[in-house]
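Structural features, examined
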Amino acid sequence: MSPGLQAAALFAGSLPGHILMSLGQALVVVCLCFDFVRAVSVPRSRSRYVANTWFRTLALPSILVMAFSVLLDAASGSWPEVAAGMFILVAVIFRWHHGSDEDSWWKGKGKALGRWLRNRAASGSLVAPATA
């Protein structure tokens, strides 16, 4: 095991590490709950819109938390936890990747952000880097 991974595993075993891992696992549970609400809600309803927005917001941090958790479980050699974590990780990635046809607050934000950046760059309001 590499020294960095060993240090991460030791930190995860400490009290602050347990607290952070518990908060991360709670984030994953909340993300999956919003996915469940999204799945059982009426299409094009406000509850589905809100649930999809929260799921899209929490999916990427949940994926990162689960990947880190699986890595630490693999480093410590607890293979049943690795299998369970991989199942949850794959399920969240699958639901995040294949549920993109829904309407949410994030839909179209990439294009809007790109337009905003282009307008700021064209008007010169972005700070130029200092030259020596």
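If you tally the helices and strands in the chain, you get 5 helices and 0 strands. For the chain, the α and β elements follow one another from N to C terminus as α-α-α-α-α. Residues classed as buried in the chain amount to 24% of the 132 residues present. Of the roughly 9,100 Å² that the chain leaves accessible, carbon and sulfur atoms contribute 71%.

Under the defined criterion, the tally for this structure stands at 0 disulfides. Here C31 stays unpaired: no disulfide links it, and the sulfur of C33, its closest cysteine neighbor, is 9.2 Å away. Using a relative accessible area of 43% as the deciding quantity, one classes C33 as partly exposed.

Now for the pattern of salt bridges. A side chain with one charge can pair with a side chain of the opposite charge if their charged atoms come near. Under the counting rule described, the total for this entry stands at 2 salt bridges. The closest approach of N and O atoms between D35 and R38, which form a salt bridge, is 2.8 Å. Of this pair, D35 and R38 both sit in helix α2 (residues 15-40), 3 residues apart, which is roughly one turn of the helix. Taking the relative accessible area as the measure of exposure, D35 reaches 8% and is therefore buried. A salt bridge links R95 to D35, with the shortest nitrogen-to-oxygen separation between them at 2.9 Å. Taken together, the residues R95 in helix α4 (residues 79-98) and D35 in helix α2 connect sequence positions 60 residues apart. Here the residues in one salt-bridge network are D35, R38 and R95, joined through shared partners.

Here the structure, examined in full by the defined rule, presents 1 aromatic pair. Ring centres 5.8 Å apart and planes at 15° place the aromatic pair F34 and W54 in the stacked group. Placement of the pair is F34 in helix α2 and W54 in helix α3 (residues 46-76), with a sequence separation of 20 residues.

What counts, and at which threshold
- Residues numbered from 1 in each chain as written.
- Predicted model: local features only at pLDDT ≥ 70, side-chain atom pairs only at ≥ 80, totals over all residues.
- Heavy atoms only, no water.
- Helix = DSSP H or I, 4+ residues; strand = E, 2+ residues; numbered from the N terminus.
- Buried < 20%, exposed > 50% of the residue type's maximum accessible area, 1.4 Å probe, protein only.
- Areas by Shrake-Rupley, 256 points an atom, 1.4 Å probe, with all protein chains shown as cover.
- Disulfide = S-S within 2.5 Å.
- Salt bridge = Lys/Arg side-chain N within 4 Å of Asp/Glu carboxyl O.
- Phe/Tyr/Trp six-rings, centres within 6.5 Å; stacked < 30°, edge-to-face > 60°.

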